[in-house]
Amino acid sequence: MRVLVTGGAGFIGSHLCDFLLARGCEVVCMDNLLTGSTDNIAHISDPRFLFVKHDVTNYIVVGGPLDYVLHFASPASPIDYLELPIQTLKVGALGTHKALGLAKERRAKFLLASTSEVYGDPLVHPQREDYWGNVNPVGPRGSATAPRPARSPTCPTWWRASGPSCRPRSTSRSTSETRGR
Ligand SMILES: NC(=O)c1ccc[n+]([C@@H]2O[C@H](COP(=O)([O-])OP(=O)(O)OC[C@H]3O[C@@H](n4cnc5c(N)ncnc54)[C@H](O)[C@@H]3O)[C@@H](O)[C@H]2O)c1
C-alpha cells in the first residue's frame with residue numbers, strides 16, 4: 001500500500017506517517033513547511049519513506065502508484081488562520097482541488113481532514129452530520145470555514161461531477177472520503 005500524506009510534516013501528519021510505516025505502508029510525505037517542520041519527521045530513516053517539499057496549491061507530481069491520498073495540509077489553529085488567511089484559503093480550495101485531481105488520476109482513495117470551523121459558531125451541540133452550522137464566511141476566520149470543509153463546494157462538486165463511484169463518507173464530523181475514478 002502506497003500513501004501520500006499532504007501536511008505530513010505537521011502535528012497530525014507526522015504521527016500519521018509513523019502509523020502508516022508501522023502498518024507496512026510506503027509513505028510519500030508532502031509539505032511546504034508553512035506551519036510544520038522537518039523536525040517532526042527527522043526521526044524517520046526508513047527506505048519506504050519519502051519527503052517531498054512542495055506546496056500542494058500547485059500541480060502535484062508523485063511518481064509511482066498511489067492507493068491513498070490523505071489530505072492534511074492546512075494551517076490548523078485559529079491563530080494560524082488569522083496570521084495566514086490567504087495561504088489557508090488557497091490550500092483549502094486549490095490544494096484540495098489538486099489533491100483530488102491526483103487521487104482521481106490514480107484511482108486512489110481520498111481523505112480530507114476538515115475542521116470543526118465548518119460549523120462556525122454552532123447553535124447546536126453536539127453538531128450532527130446534517131447540521132449546516134452557523135457560519136460567517138466573510139468574518140476573520142472565513143478563510144478556514146469557507147473553502148475546506150467537506151460540505152464546502154470543492155469536495156461535493158467533485159462527488160457530483162464524478163458519478164456514483166465517488167462519494168462522501170463521514171467517519172467523523174471533520175473527515176470525508178471518496179474514491180477517485
Ligand atoms: N490538530 C487538531 O486538533 C485538528 C482537529 C481537527 C482537524 N484538524 C485538521 O488536521 C489537519 C492537520 O492539522 P495539524 O494540527 O497537524 O496542523 P499542522 O499545522 O501541524 O500541520 C499542517 C501541515 O500542513 C502543511 N501545509 C500547509 N499548507 C500547505 C501547502 N500549501 N502545501 C503543503 N503543505 C502545507 C504545514 O506546513 C503543516 O506541516 C489540518 O487540516 C487541521 O485543520 C486538526
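Residues numbered from 1 in each chain as written. Predicted model: local features only at pLDDT ≥ 70, side-chain atom pairs only at ≥ 80, totals over all residues. Heavy atoms only, no water.

**Things to note about the nonpolar core**
The nonpolar side chains of a soluble globular protein tend to be buried, and buried together. Among the nonpolar cores identified, the biggest contains 19 residues, and L4, I60, V62, L66, V69, L102 and F110 are the most heavily contacted of them. Elements with a minimum of two residues in this core: β2 (26-31), α3 (85-106), β5 (109-113) and α5 (154-162). Once you skip the residues sitting within four places of it in the chain, L102 turns out to touch L4, I60, V62, L66 and V69. (Core = buried A, V, L, I, M, F, W, Y, C linked by side-chain atoms within 4.5 Å. Buried < 20%, exposed > 50% of the residue type's maximum accessible area, 1.4 Å probe, protein only. Helix = DSSP H or I, 4+ residues; strand = E, 2+ residues; numbered from the N terminus. Contact = heavy atoms within 4.5 Å.)

**Comments concerning the pattern of salt bridges**
The full count for this structure, using the stated rule, is four salt bridges. Of the charged contacts, one joins E26 and R2 as a salt bridge, the two residues approaching to 3.2 Å between their closest N and O atoms. With a gap of 24 residues between them, E26 in strand β2 and R2 in strand β1 (residues 2-6) connect regions that are remote in the sequence. E105 serves as the salt-bridge partner of R106, at 3.5 Å between the closest nitrogen and oxygen. Overall, the relative accessible area of 22% leaves R106 in the partly exposed class. On the accessibility criterion, E105 (52% relative accessible area) is exposed. (Salt bridge = Lys/Arg side-chain N within 4 Å of Asp/Glu carboxyl O.)

**Brief notes about the pairing of strand β4 (residues 68-71)**
Relative to β4, β1 runs parallel, the two sharing four bridges. Paired with V3 across the bridge in β4 is Y68. Pairing between β4 and β5: four bridges, direction parallel. Bridged to H71 within β5 is L112. (Pairing = 2+ DSSP bridges.)

**Here we look at the packing of aromatic side chains**
Taken as a whole and assessed by the stated rule, the structure comprises one aromatic pair. Ring geometry for Y119 and Y131: centres 6.0 Å apart, planes at 10°, overall stacked. Residue Y119 is found in the loop between β5 and α4 (142-145), and its partner Y131 is found in the loop between β5 and α4; the two are separated by twelve residues along the sequence. Judged by its relative accessible area of 1%, Y119 falls in the buried class. (Phe/Tyr/Trp six-rings, centres within 6.5 Å; stacked < 30°, edge-to-face > 60°.)

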